[in-house]
Amino acid sequence: GSDACIRLLLAHPDIDVNHANEKGVTPLFVAANLGRDACVGLLLAHPDVNVNRMHNEGDTPLITAAGQGRDGCVRLLLARRDVNVNQANIHGITPLFIAANHGKDACVQLLLAHPDVNANPTDKEGYTPLCSAANQGEDTCVGLLLAHPHTDVNLANDAGVSPVFTAACNGNDTCVQLLLAHPDVIVNLADEKGDTPLFAAVHQGRDACVRLLLAHP
């Protein structure tokens, strides 16, 4: 975006800084989605800007910036006192969740540093950011989440699948190793069918994960 043009437009007394298109997308949303840090800064400086305005599917500027890995924009948005760091879309997806799911390490780190962040939000299937990151094999995000004091290492989804279960089932051995190193991990936590992480790893032929699980004291 052209910063000079945005400054001129924002200086006009009749400008509607929160005007949205048919999809509910505002200028701030577009700038955050595209990673236009300077534009985001200018828009956030406007006294009438709505930092938490959702589009038609419930995504906020912070959700889209986190999902796209726009850490500069995430930093600017988090600096606002009125930002809702835990606001979820219609699928129950929060900024932290989408950043962890997509492996956006820098954004995860920024979000976890916010004093109001909920480290354990659940989507409509009961997945947490940790469970989702473990499922995707995003080991750096898993490590960041495990370092947060309020992360629940054992919180399972609606099917009873825990982070260590999904990591083992999918053969994400680095994630399994990180999860097993957590002092509160329950290594034999079974899903709703009664399967354990070890059972799932054996069933899927995840040899490295089987070795890690068997070596756990």
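One structure accompanies this document, and this report is about it. Fair warning: this is a prediction, and the values are worked out from it, not measured in the lab.

**What about the overall build of the protein chain?**
Item 1. Secondary structure summary: the protein chain contains 13 helices and 0 strands in total.
Item 2. Out of the 217 residues in the protein chain, the part that is buried amounts to 48%.
Item 3. Taking the intrachain contacts of the protein chain between residues at least 6 apart in sequence as the baseline, contacts between residues at least 24 apart amount to 70%.
Item 4. Averaging the coordinates of the 13 positive side-chain charges in the protein chain and doing the same for the 24 negative ones gives two points 6 Å apart.

**Considerations on the environment of C131**
Item 1. Among the structural elements, C131 can be located in helix α8 (residues 129-136).
Item 2. The class for C131 is buried, based on a relative accessible area of 1%.
Item 3. For the pair C131 and A100, spaced 31 residues apart in sequence, the C-alpha to C-alpha distance is 9.3 Å.
Item 4. Excluding residues within four positions of it along the chain, C131 makes contact with V161, S162, P163 and T166.

**A short note on the nonpolar core**
Item 1. In terms of nonpolar packing, the biggest core is built from 57 residues, with L28, L62, V74, L77, L111, V142 and L179 touching the most fellow members.
Item 2. Excluding its chain neighbours within four sequence positions, the residues that come into contact with L111 are L62, A66, V74, L78, V85, P95, L96, A99 and V117.

**A word on the pattern of salt bridges**
Item 1. One pass over the full model with this rule turns up 1 salt bridge.
Item 2. Ionic pairing is found between D82 and R80, a salt bridge with its closest N-O pair at 2.9 Å.
Item 3. When its relative accessible area of 18% is taken as the criterion, R80 is described as buried.

**A closer look at the packing of helix α7 (residues 105-112) against helix α9 (residues 139-146)**
Item 1. The N-to-C vectors of α7 and α9 enclose an angle of 10°; their axes lie 9 Å apart at closest approach. Taken together, the axes of α7 and α9 lie roughly parallel to each other. Contacts between α7 and α9 involve D105, V108, Q109 and L112 on the former and, on the latter, T140, C141, L144 and L145.
Item 2. Considered class by class, the residues forming the contact of α7 with α9 number 5 nonpolar, 2 polar and 1 charged.

**Concerning the state of the cysteines**
Item 1. Counting across every chain of the model gives 0 disulfides.
Item 2. Sulfur of C141: no disulfide; nearest cysteine sulfur belongs to C175 and is 9.2 Å away.
Item 3. C141 gets classed as buried once you look at its relative accessible area, which sits at 0%.

**A look at α7**
At 3.6 residues per turn, the α-helix brings residues three or four places apart onto the same side.
Item 1. All buried positions along α7 are accounted for by C107, V108, L111 and L112. For α7, the buried positions fall inside an angular range of 130° around the axis, keeping them on one side.
Item 2. Summarising the contacts, the buried residues of α7 are in contact with α4 (61-68), α5 (71-78), α6 (95-101) and α9.

**Considerations on helix α13 (residues 207-215)**
Item 1. Considered for burial, the residues of α13 that qualify are C209, V210 and L213. Viewed along the axis of α13, the buried residues span an arc of 100°, placing them on a single side of the element. Away from its buried face by more than 90 degrees, α13 exposes D207, R211 and A215.
Item 2. Here the buried face of α13 lies against α10 (163-169), α11 (173-180) and α12 (197-203).

**Concerning the side chain of D59**
Item 1. On the secondary structure map, D59 appears in the loop between α3 (37-44) and α4.
Item 2. Buried within the structure, D59 lacks any salt-bridge partner; its nearest side chain of opposite charge belongs to K23, at an N-O separation of 12 Å.
Item 3. A distance of 2.8 Å separates a polar atom in the side chain of D59 from a polar atom in the side chain of N89.
Item 4. For D59, the contacting residues outside a window of four places in its chain are F29, R53, M54 and N89.

Conventions and cut-offs
- Residues numbered from 1 in each chain as written.
- Predicted model: local features only at pLDDT ≥ 70, side-chain atom pairs only at ≥ 80, totals over all residues.
- Heavy atoms only, no water.
- Helix = DSSP H or I, 4+ residues; strand = E, 2+ residues; numbered from the N terminus.
- Buried < 20%, exposed > 50% of the residue type's maximum accessible area, 1.4 Å probe, protein only.
- Contact = heavy atoms within 4.5 Å.
- Lys, Arg positive; Asp, Glu negative; His and termini not counted.
- Charge placed at Lys NZ, Arg CZ, Asp CG, Glu CD.
- Core = buried A, V, L, I, M, F, W, Y, C linked by side-chain atoms within 4.5 Å.
- Salt bridge = Lys/Arg side-chain N within 4 Å of Asp/Glu carboxyl O.
- Axes fitted to C-alpha atoms, helices over the stretch in contact; angles between N-to-C directions.
- Parallel < 35°, antiparallel > 145°, perpendicular 65-115°, else oblique.
- Nonpolar A, V, L, I, M, F, W, Y, C, P; charged D, E, K, R; others polar.
- Disulfide = S-S within 2.5 Å.
- Arc of directions from axis to C-beta.
- Polar contact = N/O pair within 3.5 Å; in protein donor to acceptor, adjacent residues only side chain to side chain.

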